[in-house]
Amino acid sequence: MELRTLRYFVAVAEELHFGRAATRLHMSQPPLSRAIKRLEADVGARLFARSPAGVTLTPVGTVLLDEARALLDHFDRVRVRVSAAAGVATLTIGILGDGTDPGVVKLAAAYRRHHPGIDIRVRDTDLTDPTCGLRTGLVDVALTRAPFDETALAVRALRTDPVGVVLRADDPLARREGLRLAELSDRRWFQFPQGTDPIWQSYWNGGSPREGPVVRVVQECLQAVLWNGTVGLAPLGHDLPAELAVVPLIDMPPSRMVAVWNEGDTNPLVRSFIDIAASAYRH
């Protein structure tokens, strides 16, 4: 068995869908399907039960999944130790948003357990760059929120969060259990500075052109709501001051928490970070 084929198998086993696994692996579906069939031939047993609804693991596949994860994890640790011995022992992570998110906390603990000798540097970034400095070489990997321009970047989805509108607590709409974007069409929305990724700006403006004050960081967004009654959007589940309220948006697409790295980056620290992040956010 080749390590690459085991990585293919783990991706299909975790996604339980060949199409999604192929997207995650940045490859087309036919060669992925052929690789899995060759692996089944090597093992001498079916690893997946296939149906129109997708795939499920067979008992043999369940056993192989545990062993494959352990083997790949060991291989990544070997690569990291070799890289560290060669002087590559630093990983710079860009984080956009709340660094106390439970997923980030679990990821930090898990990464320290796997790589206690690695120097982790964290770059907290503002809302004007959803890639957290990845494109400009300031970070090796980013924890951020999609959507944004993904050209030349590799993206791994970690979690999906519903989005709500942040309002002053005394706003009449703040007492509602849910709102639609059309009900906020006459409000002012915060804007990002000129030159900000247009896909990113459009998402946080609810998909329509808006007018309002320009902000760069989360605190400026909250202050714009407090002082000016500006509309702000935020993933649900975040703590807010008592003077503010968040109301779920019924027709707003959810926000995806993602890990992002430069396409083609072979740094084993980055590969290990992505795998550990996927596990930390999954459990």
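Above this text sits the structure in question.
Quick look at the structure, then. These numbers come from a predicted model, not from an experiment. The residue numbers shown here count from 1 along each chain, following its written sequence. It should be noted that, the model being predicted, local features are given only for residues of pLDDT at least 70 and side-chain atom pairs only at 80 or more, the latter also being counted only at that level, while totals for whole chains, interfaces and linings use all residues. The side-chain figures draw on all heavy atoms in the structure; neither hydrogens nor water molecules are used.

### Notes on the sheet that holds strand S9 (residues 244–248)
Hydrogen bonds along the backbone pair up the strands of a sheet, which may run parallel or antiparallel. Where we set the bar: Note: two strands are recorded as paired if DSSP finds a minimum of 2 bridges between them. Starting at the N terminus, helices and strands are each numbered in turn, a helix being any DSSP run of H or I of at least four residues and a strand any DSSP run of E of at least two. Throughout, an axis means a line fitted to C-alpha atoms (over the contacting stretch in the case of helices), and angles, computed between N-to-C directions, take values from 0 to 180 degrees.
An order of S8-S7-S9 is seen for the three strands of this open sheet, with the pairing classed as antiparallel. In this open sheet, the two edge strands, each paired with only one partner strand, are strand S8 (232–235) and S9. Taking each pair of neighbouring strands and ignoring which way they run, the sheet shows an average axis angle of 40 degrees. Looking at chain direction, strand S7 (residues 163–168) and S9 are connected through five bridges and run antiparallel. The residue of S9 that forms the bridge with Leu167 is Ala245.

### Focus: the side chain of Arg145
The condition that has to hold: Identification of polar contacts relies on pairs of N or O atoms within 3.5 Å, with a donor-acceptor requirement for protein atoms, meaning one able to donate a hydrogen and the other able to accept it, and with residues adjacent in sequence counted only if both atoms are side-chain atoms. Whether two residues are in contact is decided by their heavy atoms: any pair within 4.5 Å suffices.
By secondary structure assignment, the location of Arg145 is in strand S5 (residues 141–146). In this structure the side chain of Arg145 is engaged in a polar contact, spanning 2.9 Å, whose partner is the side chain of Ser255. Those residues in contact with Arg145 that sit more than four places away from it in its chain are Pro130, Arg159, Asp161, Trp200, Trp204, Pro235, His238, Ser255, Arg256, Met257 and Val258.

### Observations concerning helix H3 (residues 29–43)
The condition is simple: Each residue after the first adds 1.5 Å to the expected span of a helix. Think of it in three bands: with a 1.4 Å probe and only protein chains considered, a residue is buried below 20% of the maximum accessible area for its type, exposed above 50%, and partly exposed in between. Note: the arc covers the axis-to-C-beta directions of the helix.
With 15 residues, H3 extends 21 Å from end C-alpha to end C-alpha; this agrees with the ideal 21 Å at 1.5 Å per step. Burial in H3 covers these residues: Leu32, Ala35, Ile36, Leu39 and Glu40. Down the axis of H3, the smallest arc covering the buried residues is 140 degrees, so these residues share one side. Away from its buried face by more than 90 degrees, H3 exposes Lys37, Arg38 and Ala41. A positive backbone phi angle near 85 degrees is found at Gly44, which sits one or two residues after H3.

### Some details on helix H5 (residues 102–114)
In this model, H5 (13 residues) spans 18 Å end to end at C-alpha, consistent with the 18 Å of a helix rising 1.5 Å per residue. Burial in H5 covers these residues: Gly103, Val104, Leu107, Ala110 and Tyr111. Buried residues of H5 fall within an arc of 130 degrees about the axis and therefore sit on the same side. For H5, the exposed residues lying more than 90 degrees away from the buried face are Pro102, Arg112 and Arg113.

Don't take any of this as a statement about function, it's just geometry.
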